[in-house]
Amino acid sequence: MDALLSDLAKACDDNARPASEDDHVGGVTPRFVASPASTAETAEVLRVAAQHDLFVVARGAGTKLGWGAAPRAVDLVIDMSRCSGVVEHASGDLVVLVRAGTPLEELQSVLAAADQELAFDNALPGATVGGSLAIAPSGPRRLLRGTLRDLLIGVTFVRSDGVVAKAGGRVVKNVAGYDFGKLLTGSYGSLGLITEAVFRLHPRPPAQVVVSARASDAASVARAAHSVVASQTVPSAVEIDWPAGTDSSGGGATVAVLLEGTHEGVAARGETVQLLLEPTGTGSPTADPATPDWWGRYPFGAADVGLKLTCMVSGLGALLDAARDAAARHGAALHLRGSAAGVVHAGLPGETPAGVVSSVVDDLRACASSYAGSVVVLTAPAATRDAIDLWGPVPGLELMRRLKNELDPPHRFSPGRFVGGI
Amino acid sequence: MTTNGTIHALAARLRGVLDEGAVITDRAQLRTYECDGLTYYKVVPALVVLPRTTEQVAAVVQGCLASGVPYVARGSGTGLSGGALPHAEGVLIVMSQMREILDVDIASERAVVQPGVINLNVTRAAAPHGYYYAPDPSSQQICSIGGNLAENSGGAHCLKYGFTTNHVTGVELVAPDGEVVRLGGKALDPPGYDLLGAIVGSEGTLGIATEVTVRLMRAPEHVRTLLAAFPTTDEAGAAVSAIIAAGVLPAAIEMMDALAIEAAEYAVQCGYPGGAGAVLIVELDGPHAEVETQFEQVEAHCRDAKAFEIRIAADEAERALFWKGRKSAFAAVGRISPDYIVQDGVIPRTALPGVLRRIAALSDRGIRTDGSPGVRVANVFHAGDGNLHPLVLFDESVPGEAQLAEEVSGAILDLCIEHGGSITGEHGVGFDKMKYMPRMFTDDDLDTMQMLRCAFDPRGLANPGKVFPTPRLCGEVPGRHKGAHPLAQAGVADVF
């Protein structure tokens, strides 16, 4: 063990140590933590891991480390916090090259100095570039800007055998070679360890307005959302927030529309959206300069059950309805929040019994699947997580297994955390 | 090596599965499929099939698998990288018979189409509802959605709206193991690896799409287009930088240089301002108030950058005329030069002025130091995202010209790589550019990418001899002939 630790330390400038319980991944405590500061050091650490046949999980800030299934085994956590910083912000090209361990807030503050941004809404303070790429969360502005997969244009990563590879590049338009960035994005760290990423950026819009309306039932919510999505006002986001327990008499759902652009443009578009929302709301729509408190945050905390529901855009009302029904039927307190793009997050209190969570998820899957969507359990307390099917049906699973076997034959990375036990 | 007997047996097998006349073995007919849009390379396929259903495509792939015969899928055959160049001992699977638009679901903002559907027809189907399909390659009147998916096609408006990969949400795929798999659909973010993201742009090496679900977008409320003429490409490049630096994201910014303008004028009489060393076409779209505000800024930036004439499209007819010159530029160059090479390199936008000057120097002097004359290079490009389309003009009948053009063309790609760019922005690597891949990627990069290929196609039968210059042996089947392209084997590819 001492020899192994010393090999790891040698690989990353003496930044390796025995793990403590705080370093656990989904309840599994590793033996060591190594903190490389560069792609080269990360590769060296992984070569040591391969030599000693260690199971490895990469960690950014750890904000989503408990998401997915518990790993079957973890010997080594590779902590990427030292592999941090913006390498190059080419503002004239609207491109940034950044190391994986960089916190998103730090990245955004560098970009803001040039009135630019990575058009990604991070819900979890402290989250890093690499950890976000690994899990591929999404926020309100995915409606207009897409998700991290759409913003990532180049990636450098280390394979489980310690070989460094890159794909994409530093220009937005590039079709040379396979788009490995998309495979790594949302792979839960199971294919390779991302060390550097290149993103396309957007100019920060000079003005914004948020138009909000209240609605009392799923049909009204869906109608309101659709009227804006189908308009020519080009909303950056159309979000729905529906806390648990609010019934039809309470007018419990909020539909909020974010418009970004020039001062003149935003003012005119805001008026149009207010008119669109007028007939669907339970009161007059309001226009505010700032987003509401709940904006861009998950409707669940770290100790709760977090779900992600998807459906085709036209199925939004039915899915919301089904979710509310299922919650009522099973006596669960379900908080819904999501995008008119057909991606909704839902939260259940952590103390909800596993059987109830399972029943709600089953009902939601039945509804989501009839609208081409899926239900994934992102996070849950260990007892619940281990008792239910987190992913539901996964089309293409056989191809995914073959991909995993090619890239990481010993299943060294995050074993068991991802779909189908990958 | 595939034998004639193998092909005969396969043809017989497929005749039992495909429609009457859908299995072509007649040499004269086969010859009509010998190239795609990059007509310089020609290979007559051993067999051509024209399936009409997913089951038929699967049967063809299974047949090829059973007999170890390589295959190449082809859409409309408009590709410019030789990606659909047939295999001499293989089957060419022509997807153009599968051309039904299956579903236009406006409420879900999606269309479900067969792969042979023409790009523009998706927009035509959606237009009555006020929607359109955003990716608009210049060949959109004839290119197919399946081909677009294989190449991750772009177009003039991808600066703002992204590429095919940002607009495909689902695919039904006949994987190289002959199985039919559905990935994604009308909803977003299916669980598991983003295989769809890897398949789009994989140039037919990871399977054959038999059904594609695409995003439909709401048509913009307002569109404004201007044409600005500049003394040289330097000033036009400065205008582009100023527009982007001001935080304006136009739907498109296109540039043409003097030679490209001359060609377009000759071919389609687009009436661009005389004496221009460069023209820019800038188009803004979106909500009325946004477009009007930003359009004023764009005009001002063009003036500040010394545009000597600015025309603003008064109506759709004038806008179409601006675009006609641009969209016909490739074909137009054929009118002023017997032969030409289209390149597709990408550079960071800020490197534009410097790179254009170096291309001009290459064009004036050639890359040789023996005093031989250079070749003419016409520049047409997507200036907003740095995607160059230099057209290197030559006359094959003049000894040495083709070789010189090829050298200049390669030197331009080297310039792109030197500036941190790419060898291809939207045309694909295909057969044409795979020899440049090692200049952009390390052996480890390419080896890693091919692990994906091995996962999908361990026997290496799906469009072999494309994209990667050195095929990787996949673990399970050691020592197999990996189907390096016969042209490459014969050394023809580098002769040009």
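Predicted model only: the values in this text are computed from it and were never measured. (Residues numbered from 1 in each chain as written. Chains lettered and ligands numbered in written order. Predicted model: local features only at pLDDT ≥ 70, side-chain atom pairs only at ≥ 80, totals over all residues.)

Undergrad: Please clarify how the overall build of chain A should be interpreted in this entry.
TA: A tally of regular secondary structure across chain A gives 13 helices and 19 strands. For chain A, the C-alpha radius of gyration of 22 Å lies close to 22 Å, the compact-globule estimate for 422 residues. Principal-axis analysis of the C-alpha atoms gives chain A an extent of 70 × 55 × 35 Å. Here chain A, with 422 residues, has 61% of them falling under the buried criterion. Of the contacts made within chain A by residues no fewer than 6 positions apart, 70% connect residues no fewer than 24 positions apart. (Helix = DSSP H or I, 4+ residues; strand = E, 2+ residues; numbered from the N terminus. Rg over C-alpha atoms; globule rule 2.2 N^0.38 Å. Buried ≥ 20, exposed ≤ 12 C-beta atoms within 10 Å, placed from the backbone. Contact = placed C-beta atoms within 7 Å.)

Undergrad: Where do I start with the domain arrangement of chain A in this structure?
TA: How big an interface is tends to be reported as the loss of accessible area on association of its parts. Residues and elements named next belong to chain A. Taken domain by domain, chain A holds domain 1 (2-81 + 408-421), domain 2 (86-203), domain 3 (207-288) and domain 4 (305-387). For domain 1 and domain 2, the distance between their C-alpha centroids amounts to 21 Å. In this complex, domain 1 contributes 24 residues to the contact, which on the side of domain 2 involves 24 residues. Those elements giving two or more residues to the side of domain 1 that touches domain 2 turn out to be helix 2 (39-51) and strand 3 (56-59). It is helix 2 that provides the largest number of residues to the side of domain 1 that touches domain 2, a total of 6 residues. (Domains from an automatic or database assignment.)

Undergrad: Sorry if this is basic, but what is going on with the interface of chain A and chain B here?
TA: Contact with chain A, which involves 68 residues of that partner, is made by 73 residues of chain B. Looking at the side of chain A that touches chain B, the elements that each hand over two or more residues are helix 6 (148-151), strand 9 (164-168), helix 7 (180-184), helix 9 (263-277) and helix 13 (397-407) of chain A. Ranked by residue count, the leading element in the side of chain A that touches chain B is helix 13 of chain A, at 7 residues. In terms of residue class, the side of chain A that touches chain B is made up of 34 nonpolar, 20 polar and 14 charged. (Nonpolar A, V, L, I, M, F, W, Y, C, P; charged D, E, K, R; others polar.)

Undergrad: Explain the sheet that holds strand 3 of chain A here, please?
TA: Two pairing modes exist for strands in a sheet, parallel and antiparallel, and in both the strands are linked by backbone hydrogen bonds. Residue and element names in this part refer to chain A. Taking strand neighbours across the sheet as the criterion, the 4 strands line up as 1-2-4-3 in an open arrangement whose pairing is mixed. In the strand order of this sheet, the two ends are held by strand 1 (16-18) and strand 3, each with one partner. Taking each pair of neighbouring strands and ignoring which way they run, the sheet shows an average axis angle of 20 degrees. Bridge count for strand 2 (residues 32-34) against strand 4 (residues 76-79) is 3 bridges, and the pairing is parallel. Within strand 4, the position partnered with Val-33 by the bridge is Val-77. (Pairing = 2+ DSSP bridges. Axes fitted to C-alpha atoms, helices over the stretch in contact; angles between N-to-C directions.)

Undergrad: How do you make sense of the domain arrangement of chain B when you look at a structure like this?
TA: Residue and element names in this part refer to chain B. Along its sequence, chain B is carved into domain 1 (4-97), domain 2 (101-218), domain 3 (222-329), domain 4 (337-432) and domain 5 (435-490). Look at where the C-alpha atoms of domain 2 and domain 3 centre, and you get two points 29 Å apart. Counting residues at the interface gives 5 residues for domain 2 and 7 residues for domain 3. Classifying every residue of the side of domain 2 that touches domain 3 by side-chain character gives 2 nonpolar, 2 polar and 1 charged.

Undergrad: Help me understand the confidence of the model for chain B, please; the structure alone is not making it clear to me.
TA: One rule of thumb: low pLDDT means the predicted coordinates there are not for detailed reading. Residue and element names in this part refer to chain B. Scored by pLDDT, chain B comes out at a mean of 91, with 94% of its residues at no less than 70. Across residues 476-484, where pLDDT falls below 50, the model places 19 contacts with residues more than four positions away in sequence or in other chains. Scored below 50 in pLDDT, residues 490-496 makes 6 contacts in the model with residues more than four places away or belonging to other chains. (pLDDT = per-residue confidence, 0-100.)

Undergrad: Honestly, the sheet that holds strand 18 (residues 343-348) of chain A in this entry has me stumped. Any pointers?
TA: Residue and element names in this part refer to chain A. Overall, antiparallel pairing links the 8 strands, which are arranged 15-12-14-13-17-18-16-19 in an open sheet. Of all strands in the sheet, those bounded by a partner on one side alone are strand 15 (286-288) and strand 19 (375-379). Along the sheet, successive strands turn relative to each other by an average axial angle of 20 degrees, direction set aside. The pairing of strand 17 (residues 335-339) with strand 18 spans 5 bridges and is classified as antiparallel. By the bridge assignment for strand 18, Gly-338 is matched with Val-344.

Undergrad: It is not clear to me how the pairing of strand 10 (residues 208-215) of chain B should be interpreted in this structure. Could you clarify?
TA: Along any regular strand, the residues point their side chains to alternate faces of the sheet. All names here are of chain B. In terms of burial, strand 10 is a largely internal element, 8 of the 8 residues being buried. The sheet contact formed by strand 6 (residues 110-113) and strand 10 spans 4 bridges and is antiparallel. Note that in strand 10 the partner of Val-113 across the bridge is Val-212. Summarising the sheet, strand 8 (residues 168-174) and strand 10 pair through 6 bridges and their orientation is antiparallel. Residue pairing for strand 10: Val-171 is matched across the bridge by Val-212.

Undergrad: Sorry, what's going on with the packing of helix 10 (residues 316-330) of chain A against helix 11 (residues 354-370) of chain A here?
TA: Two measures define how a pair of helices packs: the angle their axes make with one another and the distance between the axes. Residue and element names in this part refer to chain A. The geometry of helix 10 relative to helix 11 is characterised by a closest axis approach of 9 Å and an angle of 155 degrees between their N-to-C directions. By the angle class used here, helix 10 and helix 11 are roughly antiparallel. For helix 10 against helix 11, the interelement crossing comes out right-handed. Of helix 11, the residues touching helix 10 (which contributes Ala-318, Leu-319, Ala-322, Ala-323, Ala-326, Ala-327 and His-330) are Val-356, Ser-359, Val-360, Asp-363, Leu-364, Cys-367 and Ala-368. (Parallel < 35°, antiparallel > 145°, perpendicular 65-115°, else oblique. Left-handed = near helix turned anticlockwise from the far one by under 90°.)

Undergrad: How should the nonpolar core be read in this particular structure?
TA: Within soluble globular proteins, side chains that are nonpolar tend to cluster in buried spots. Ile-93 and Leu-280 of chain B are the most contacted members of the largest nonpolar core, which has 300 residues in total. Each residue touching Leu-280 of chain B, except ones within four places of it in the same chain, is listed here: Ala-228, Ala-236, Ala-239, Val-240, Ile-253, Glu-254, Met-255, Cys-302 and Ala-383 of chain B. (Core = buried A, V, L, I, M, F, W, Y, C linked by C-beta atoms within 7 Å.)

Undergrad: Where do I start with the environment of Ser-241 of chain B in this structure?
TA: For Ser-241 of chain B, the position within the fold is in helix 8 (residues 233-245). Along the sequence, Ser-241 of chain B and Thr-470 of chain B sit 229 residues apart, while their C-alpha atoms lie 39 Å from each other. In contact with Ser-241 of chain B, not counting residues within four places along its chain, are Gly-92 of chain A together with Arg-349 and Thr-350 of chain B.

Undergrad: Quick question: what am I supposed to make of helix 11 of chain A here?
TA: Three or four residues apart is the spacing at which side chains of an α-helix point the same way, because the helix has 3.6 residues per turn. Residue and element names in this part refer to chain A. Taking 1.5 Å as the rise per residue, helix 11 with 17 residues should run 24 Å; its terminal C-alpha atoms sit 24 Å apart, in good agreement. Residues Val-357, Val-360, Val-361, Leu-364, Cys-367 and Ala-368 constitute the buried set of helix 11. For helix 11, the arc enclosing every buried residue in end-on projection is 130 degrees, short of the 170-degree limit, so these residues lie on one face. Exposed positions of helix 11 whose direction lies more than 90 degrees from the buried face are Gly-355 and Ala-366. On the buried face of helix 11, the contacting elements are strand 16 (305-310), helix 10, strand 18, strand 19 and helix 12 (382-387). After helix 11 finishes, the residue Ala-372 shows a positive phi value of roughly 65 degrees. (Expected span 1.5 Å × (residues − 1). Arc of directions from axis to C-beta.)

Undergrad: Would you mind going over unusual backbone geometry with me for this structure?
TA: With the exception of glycine, most residues fall at negative phi, and the peptide bonds are largely trans. All names here are of chain B. Look at Asn-152: it is not a glycine, yet its phi comes out positive at around 50 degrees. Along the chain, the position of Asn-152 falls in the loop between helix 5 (145-151) and helix 6 (158-161). Since 27 C-beta atoms lie within 10 Å of it, Asn-152 is described here as buried. Non-glycine residue Asn-463 carries a positive phi angle of around 50 degrees. With respect to the helices and strands, Asn-463 occurs in the loop between helix 16 (443-456) and helix 17 (486-490). For Asn-463, a count of 33 C-beta atoms within 10 Å translates into the label buried.

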